[in-house]
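# A look at the structure
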Amino acid sequence: MNIQTMDEGTGSEYARIFRLLSAAKEEAQKLKLNNLMHLTNMALLQVVIDWDGIDPERELDVNLEKLIGTKTKLAMKDARENLVVLERH
């Protein structure tokens, strides 16, 4: 059973952080800021690890790339549910 402690976030909080970091990574790519891209990749990986409570040193069988893809889909799905479209008149 996964019991949430005071310092752990909810799934929606992790999804929000993931989306923010993804946006920062995209902007870094546009500006060709390679060091920042590298840092955001590391931060995204850490968010995924924390989100699932994985210890990568103990769980060698975890496919982190696949897990990142799954979390990306989940985070972006949550974003669409919260998206408000404003039309210009």
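Rules and cut-offs
- Residues numbered from 1 in each chain as written.
- Predicted model: local features only at pLDDT ≥ 70, side-chain atom pairs only at ≥ 80, totals over all residues.
- Heavy atoms only, no water.
- Helix = DSSP H or I, 4+ residues; strand = E, 2+ residues; numbered from the N terminus.
- Buried < 20%, exposed > 50% of the residue type's maximum accessible area, 1.4 Å probe, protein only.
- Contact = heavy atoms within 4.5 Å.
- Areas by Shrake-Rupley, 256 points an atom, 1.4 Å probe, with all protein chains shown as cover.
- Polar contact = N/O pair within 3.5 Å; in protein donor to acceptor, adjacent residues only side chain to side chain.

Moving on, we come to the overall build of the chain. Looking only at helices and strands, the chain has three helices and zero strands in total. Along the chain, helices (α) and strands (β) appear in the sequence α-α-α when read from the amino end. Counting all 89 residues of the chain, 20% fall into the buried class. The long-range fraction of contacts in the chain, counting pairs at least 24 apart against all pairs at least 6 apart in sequence, stands at 47%. When the accessible surface of the chain is summed, it comes to about 7,400 Å², and 54% of that surface belongs to carbon and sulfur atoms.

Looking at where T40 falls in the secondary structure, it is placed in helix α2 (residues 34-52). At 2.9 Å, the side chain of T40 and the backbone oxygen of M37 are in polar contact. Among residues more than four places away in sequence, those in contact with T40 are L21, A24 and K25.

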